[in-house]
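Residues per chain are reported as follows:
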Amino acid sequence: MAQLLRGKASIDPRFKHIRPTVYALSRVNFSGFTYNGNGSGRSSGGSQRRQNFYYQEFLRGPKFGGYQYYQSSRGYGMLVGRVLRGVLKLRYLVLGGAIGGGVTLNKRYEEWKDGLPDMKWLEEVLPDNDKWGQFTKSLLAVKDSVKDSIEIDPRLKQLSENKINEWREWFDKRLDNAIEAAETQQNPQIESSFQNLSELISDLYGATKEELRSKNTVNAKSLSAEESRRRVDTLQSQVDALQTEIMNVQLKYQREIEKLEKENRDLRQQYLILKTNRKQPQKKRIKKSLIDMYSEVLDELSGYDTSYSTADHLPRVVVVGDQSSGKTSVLEAIAQARIFPRGSGEMMTRAPVKVTLSEGPYHVAQFRDSDREYDLTRESDLADLRRDVEIRMRNSVRGGKTVSMDVISMTVKGPGLQRMVLVDLPGIISTQTVDMAADTKDSIKHMTEHYMSNPNAIILCIQDGSVDAERSNVTDLVSQCDPLGKRTIFVLTKVDMAEDLADPNRIRKILSGKLFPMKALGYFAVVTGRGRKDDSIETIREYEEKFFKNSKLFQSGVTMSHQVTTRNLSLAVADRFWKMVRETIEQQADAFKATRFNLETEWKNNFPRLRESGRDELFEKAKGEVLDEVVNLSQVSAKKWEELLNDKLWEKLSNYVFENVYLPAAQSGSTNSFNTMVDIKLRQWAEQALPAKSVEAGWEALQKEFQHLMEVARKTPDHDDLYDNLKSAVIDEAIRRHSWEDKAIDMLRVIQLNTLEDRSVHDKNEWDQAVRFFESSVKEKLQHTEQTISEMFGPTTTQKWLHWRSSTEDQNKRKHVKSELDKILGSDSKHSPTLSYDELTTVRKNLQRNNVEVETDYIRETWYPIYRRHFLKQALNRAYDCRKAYYLYTQQGSDCEINCSDVVLFWRIQQVIKVTANALRQQVINREARRLDKEIKEVLDEYGEDDEKKQQLLTGKRVTLAEELIRVRHIQEKLEEFINALNQEK
């Protein structure tokens, strides 16, 4: 109870508010006992148990008046507590609601802010504050300059001057009237008023008082002072109105400037929006015109292989003629633009140029393989187009040739153009110049015959009218290809320059087809220029019409009106072209349909379970398989990489270790010299050749493992041999390009030098591994030495009897030398690596007794493999002895009875190989495999864009047949699409 009253014991929270009251009651005196509240008290009488009993009874029941007082106090305290609790609860509710509402509002604001679009891109496209400040300053400067320069509009200024002149005339008129009135009637009061008015007018007009007085010799006495004052006030008000109007004009200009600034900002914003939208253009399908569809069919046929006897017999207009006869000029006149390069007597057309003409709203030109459009109404674009045509022609000529069969395709659209497809060919030449290839003349002739041999081609035969007809070369070729003239149109150019213009009968014969043996559907006379390069097509056309209008040919009736001008020519050619197209297109479509059926049948018979795949699709499949193998390379385990690198490193380093380190040191004679020489040679090796050899070994291991994965893939059941050449070429090219990182050599040098500094074998396990490594290495070298000895001394007796082999004379001689050298080694097992002069002399004399004559060098050559085998056998015996000498080695070190220095050497070599293999493995996995992957992808991308490379690496009947089938199928689909569009146009 005392602890409860002192507050040290835990009590029910419901009774905490009565603690002060209870504590007060604890000081009450009960029948001589006073309780102090701390567990002690004073007793004035009676026993302690009775006192406690009284106190407990006081707390339990209503036996004393003090308890009633406690009850009333407790009720009052509880009432006050409830009121305080309600007030505090309300405060906490309000405070909690405010905090919660603030948190919720903040959360809603954050969600709303996160939902807003990201406007950071505006920081990249809009200029910063400094640039905006400079732009604003420049606009203000423009505003000030405009304000200063256009204070008054010139028209307004002129208007104000006119008004002032009107007022001046009005004043003069009124003044004259006043003078006249003054002559008939005088009034002194008016005279004084008029004097004041005269002074005012003189100030306005700038006239002096004397001039005004001389003019006004009489007084204007008829005018009243009030009327003069009123008119002056009117004049002043009009001047004020004029100033107000001027101010209004200035404000108007200010508003216009502000409006322009606002429009400038709006336009800039629209520009940025358009610029952003252009980054992701939406491709719209544009309906192709009929002539464009036909031109695409011809483009597909330009590279078509005719090995399946389905030749390209679709109509087109072939422009042929002698060199400089005006072929290109005729084509330009039909296209209504000077689109071809020009030269003075030089051959400019070096390759066939296919020009597709079609009607359009704008006069533009475009190459088939380019997105640029040339505006033919602008001279700069025309110059660029002519330059690009010339560049393409020169690029198409390869291998020292002068002309090329590669077709340059372009489209020309414009208002009023006739729809047709023309092919401009190089001009026929009579003589070759020294700068031409030897076969230029024949090449041009064969090219012209090839295009004219198409039975549906329209031949546009161009004849120069300014030269004698007998000098023409092209007419004979045309007569051979089209003897009946059913598809030939004859064009006589340069009629204005014809020398025989005075003889109209000759021109009549040419245009009627009676001068040449060739026949034609029609004969035309045109003028394609005045000999000036800068003349436009419009100028040439006006000149042509003017010439034929005033020409004696037309006036005398030599030519008909429909036989002249390029306009009539283009109409006739276009009409004949479309007539030929409609007559032959169905037949050509049927021919390709039959070819497609034959190819599909052949494919099903030869490759029934395979789908026809072209080179592009096959290349993509091969590319995927190569990349899969690259992925498999990255999945090779670390353990396998270390095994591969260990083997490759020892293969690279073993010869140097034996020949340059171990054998020279082991033959030095003592253990100390052996260790000293080993340390020197190993350090030199680690600083110079070892890192580079290690990198070389790592690269060869990477290459070997990748080729191994490719070989494994070739053995799978679903492997296709068609891709082998391509895969091998890609891998070889990638390996040729790949090089190990240079910094790897420096890293390896540090690691290897630190590893070779360690000369103590750490435990028994490493000792056993070093012994086994030493034994296997010595056995391998011993085996190679035995093979060398076998080849040097010939077959043994057993081999002679079993394999019927015999020794050569040299081998028999070496056997005699070997027997003498074996005696030397038998007498001294620790013989030095070289023979002394006395030993060489002794061997020679002993051989001479047996009638064997040899030179000293011959004896040394025989001695080297014999001693090497002897030394390796001794080293192998030491390895056997060192198997159980580890503990002896650890106790005695270099003073050990069994010499195991060579085991320690090979342990150091083994440790170097281990750490090097580990470093190379990390380099391969983390860097080199990824770099090789990147280089393989680059090679694949390059080969994917090189059609010649794909044709070279993907070969076979399966490929050629699939390519032919895909090509024919595509051409047939194009033809059917064109035929449907042609029928709809009908």
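Note that the coordinates shown come from a computational prediction; the quantities given were computed from them, not determined experimentally.

K.L.:
Explain the overall build of the chain here, please?
P.N.:
The secondary structure content of the chain amounts to 34 helices and twelve strands. Counting the 986 residues in the chain, one finds 40% classified as buried.

K.L.:
I tried to follow helix 28 (residues 809-827) on my own but got confused; where do I start?
P.N.:
Three or four residues apart is the spacing at which side chains of an α-helix point the same way, because the helix has 3.6 residues per turn. The end-to-end C-alpha separation of helix 28 is 28 Å, in line with the 27 Å expected for 19 residues at 1.5 Å each. Looking at helix 28, one finds that the buried residues are Gln 811, Arg 814, Val 817, Glu 820, Leu 821, Ile 824 and Leu 825.

K.L.:
Please clarify how the nonpolar core should be interpreted in this entry.
P.N.:
One recurring pattern in soluble globular proteins: nonpolar side chains tend to sit buried together. Counting 101 residues, the largest nonpolar core has Tyr 662, Trp 767, Leu 821, Leu 905, Ile 909 and Ile 936 as the members making the most contacts within it. Residue contributions to this core peak at 17 residues, all from helix 32 (residues 901-945). In this structure, Ile 936 is in contact with Val 626, Val 630, Phe 706, Val 730 and Ala 734, ignoring residues within four places of it in sequence.

K.L.:
Help me understand the environment of Ser 358 in this model?
P.N.:
With respect to the helices and strands, the residue Ser 358 is situated in strand 5 (residues 353-359). In sequence terms Ser 358 and Leu 290 are 68 residues apart; their C-alpha atoms lie 8.8 Å from each other. Filtering out sequence-adjacent residues up to four positions away, Ser 358 remains in contact with Ile 291, Asp 292, Thr 411, Val 412, Lys 413, Gly 414, Leu 417 and Arg 419.

K.L.:
Would you mind showing me how to read the state of the cysteines here?
P.N.:
Under the criterion given, the structure shown has one disulfide. Put simply, Cys 882 and Cys 900 are joined by a disulfide, and their sulfur atoms are 2.1 Å apart. Taking the sign of the S-S torsion, about -105° here, the bridge from Cys 882 to Cys 900 comes out left-handed. Placement of Cys 882 in the loop between helix 30 (856-881) and helix 31 (886-892) and of Cys 900 in the loop between helix 31 and helix 32 is noted, with a sequence separation of 18 residues between them. Both residues of the pair, Cys 882 and Cys 900, belong to the buried class.

K.L.:
Before we go on, may I ask you to explain unusual backbone geometry in this structure?
P.N.:
In most cases, non-glycine residues show a negative phi, while peptide bonds are predominantly trans. In this structure, Gln 336 takes a positive phi of about 60° despite not being glycine. Tracing the backbone through its elements, the reader meets Gln 336 in the loop between helix 12 (327-335) and strand 5. Accessibility expressed as a relative area gives 22% for Gln 336, which makes it partly exposed. Residue Thr 565 is not a glycine yet carries a positive backbone phi of 75°. Relative to the elements of secondary structure, Thr 565 occurs in the loop between helix 18 (552-555) and helix 19 (566-606).

K.L.:
How should the side chain of Asp 464 be read in this particular structure?
P.N.:
Tracing the chain through its elements places Asp 464 in strand 10 (residues 458-464). Asp 464 gets classed as buried once you look at its relative accessible area, which sits at 11%.

K.L.:
Explanation requested: the packing of aromatic side chains in the structure shown.
P.N.:
A ring pair, where both rings are aromatic, is described by two values, the distance of the centres and the angle of the planes. If you walk through the whole model with that rule in mind, you get 20 aromatic pairs. Measuring from centroid to centroid gives 5.8 Å for Phe 490 and Tyr 523, while their planes differ by 50°, and the two rings are tilted. Of this pair, Phe 490 sits in strand 11 (residues 488-493) while Tyr 523 sits in strand 12 (residues 522-525); the two residues are 33 residues apart in sequence, bridging distant segments of the chain. Where Tyr 656 meets Trp 685, the ring centres are 5.0 Å apart and the plane angle is 20°; that geometry is what we call stacked. Residue Tyr 656 is found in helix 21 (residues 638-666), and its partner Trp 685 is found in helix 22 (residues 671-687); the two are separated by 29 residues along the sequence. Using a relative accessible area of 3% as the deciding quantity, one classes Trp 685 as buried. In textbook terms, an aromatic cluster arises when at least three aromatic residues are bridged by ring pairs, as seen for Trp 650, Phe 658, Tyr 662, Phe 674, Phe 773, Phe 774, Phe 871 and Phe 906. Sitting over the face of the ring of Phe 367, Arg 392 holds its NZ or CZ atom 4.0 Å from the ring centroid. Over the ring of Trp 578 we find Arg 419; its NZ or CZ atom is 4.9 Å from the centre of that ring.

K.L.:
Can you help me understand empty space enclosed by the protein in this one?
P.N.:
To find the voids left in a structure, one rolls a probe of water-molecule size over its atoms. Per the counting criterion, the structure on display carries six cavities of 30 Å³ or more. Of the pockets and cavities examined, the largest cavity occupies roughly 110 Å³. Ser 329, Glu 332, Ala 333, Arg 338, Arg 342, Val 527, Thr 528, Ile 537, Ile 540, Arg 541, Glu 544 and Thr 566 together form the lining of the largest cavity. Mapped by element, the contributors of at least two residues to the lining of the largest cavity are helix 12 and helix 17 (537-550). Looking at the lining of the largest cavity element by element, the count peaks at four residues for helix 17. Its residues assigned to classes, the lining of the largest cavity shows four nonpolar, three polar and five charged.

K.L.:
Would you take a moment to explain the confidence of the model for the chain for this structure?
P.N.:
Detailed conclusions should not be drawn from predicted coordinates in areas where pLDDT is low. Here the chain shows a mean pLDDT of 75. Residues at 70 or above account for 68%. Long-range and interchain partners of residues 1-51, a stretch whose pLDDT sits below 50, account for 70 contacts in this model, where long-range means more than four residues apart. Scored below 50 in pLDDT, residues 57-71 makes 16 contacts in the model with residues more than four places away or belonging to other chains.

K.L.:
Any chance you could explain the pairing of strand 6 (residues 364-367) here in plain terms?
P.N.:
Taken residue by residue, a regular strand's side chains alternate between the two faces of the sheet. Direction of pairing for strand 6 relative to strand 7 (residues 374-375): antiparallel, over a ladder of two bridges. Looking across to strand 7, one finds that Val 364 is bridged to Asp 375. Between strand 6 and strand 7, which pair antiparallel and follow one another directly, the connecting turn spans six residues. Bridge count for strand 6 against strand 8 (residues 408-414) is four bridges, and the pairing is antiparallel. Across the sheet, the residue bridging to Ala 365 is Val 412, located in strand 8.

K.L.:
What am I meant to see in the pairing of strand 9 (residues 420-424) here?
P.N.:
Judged by how many residues are buried, strand 9 sits mostly within the fold: five of five residues are covered. Residues Met 420, Leu 422 and Asp 424 point to one face of strand 9 and Val 421 and Val 423 to the other, with burial holding for every one of them. With five bridges joining them, strand 5 and strand 9 adopt antiparallel strand pairing. Each residue of the ladder has a partner; that of Leu 357, found in strand 9, is Met 420.

K.L.:
Please clarify how the sheet that holds strand 12 should be interpreted in this entry.
P.N.:
Note on sheets: strands pair through backbone hydrogen bonds, and any given pair is parallel or antiparallel. Spatial ordering of the open sheet is given by 7-6-8-5-9-4-10-11-12, a layout of nine strands whose pairing is mixed. Every interior strand has two partners, whereas the edge strands, strand 7 and strand 12, have only one. Both strand 4 (residues 317-321) and strand 10 contribute to a ladder of five bridges, which runs parallel. Directly across from Gly 321, in strand 10, lies its bridge partner Ile 462. Strand contacts of helix 12: strand 4, strand 5, strand 8, strand 9, strand 10 and strand 11, with the helix running at about 160° to strand 9, the strand carrying the most contacts. Where helix 15 (residues 474-481) meets the sheet, its contacts fall on strand 4, strand 10 and strand 11, and the angle it forms with strand 10 comes to roughly 160°.

K.L.:
Just to check I follow, could you spell out the pattern of salt bridges for this structure?
P.N.:
A pair can form between side chains of opposite charge whenever their charged atoms are brought close. Applying the stated rule across the entire model yields 49 salt bridges. Here Arg 958 ties to Asp 720 by a salt bridge, and the two come within 2.8 Å at their closest N and O atoms. Here the residue Arg 958 occupies a position in helix 34 (residues 957-985), and Asp 720 occupies one in the loop between helix 23 (689-714) and helix 24 (724-737), the gap between them amounting to 238 residues. Of the two residues examined, Arg 958 and Asp 720, each falls in the buried class. Each of the salt bridges in this network shares a partner with another, and the network as a whole consists of Asp 679, Arg 683, Glu 687, Glu 757, Arg 759 and Arg 908.

Reading the values: the criteria
Residues take numbers from 1 onward in each chain, read along the sequence in its written order. Totals for whole chains, interfaces and linings use all residues, but because this is a predicted model, local features are given only for residues with pLDDT of at least 70 and pairs of side-chain atoms are given and counted only at 80 or more. Hydrogen atoms and water are omitted, and side-chain values are computed over all heavy atoms in the structure. A helix here means a DSSP run of H or I that spans at least four residues, while a strand means a run of E at least two residues long, and both kinds are numbered starting from the N terminus. Accessible area is worked out with a 1.4 Å probe on protein chains only. A residue is then buried under 20% of its type maximum, exposed over 50%, and partly exposed in between. Under the convention used throughout, the expected extent of a helix is 1.5 Å for every residue step, that is, one less than its residue count. Nonpolar cores were defined as sets of buried Ala, Val, Leu, Ile, Met, Phe, Trp, Tyr and Cys residues, with membership established by side-chain atoms within 4.5 Å. Contacts: residue pairs with any heavy atoms within 4.5 Å of one another. The disulfide criterion used throughout: a pair of cysteine sulfur atoms within 2.5 Å. Stacked, tilted and edge-to-face are the three classes assigned to paired rings of Phe, Tyr and Trp, where Trp is represented by its six-membered ring and a pair needs centres within 6.5 Å; plane angles under 30 degrees give stacked, over 60 edge-to-face, the rest tilted. We call a charge positioned above a ring when the Lys NZ or Arg CZ atom is no farther than 6 Å from the ring centre and deviates by at most 35 degrees from the ring normal. Computed over the protein atoms alone on a 1 Å grid, cavities are sets of points where a 1.4 Å probe fits but cannot get out and pockets are open sets with protein on both sides within 12 Å along at least five of seven lines; a residue lines them when it has an atom within 4 Å of a point. Grid points are joined across faces, edges and corners, and a volume is the space filled by probe spheres set on the points. Polar here means any residue outside two lists: the nonpolar Ala, Val, Leu, Ile, Met, Phe, Trp, Tyr, Cys and Pro, and the charged Asp, Glu, Lys and Arg; Gly therefore counts as polar. On a scale of 0 to 100, pLDDT captures the predictor's confidence in every residue. By the convention used here, strands pair only if DSSP detects at least 2 bridges between them. The angle between two axes is taken between their N-to-C directions and runs from 0 to 180 degrees, where each axis is a line fitted to C-alpha atoms and a helix contributes only its stretch in contact. Counted as salt bridges are all cases of a side-chain nitrogen of Lys or Arg within 4 Å of a carboxyl oxygen of Asp or Glu.

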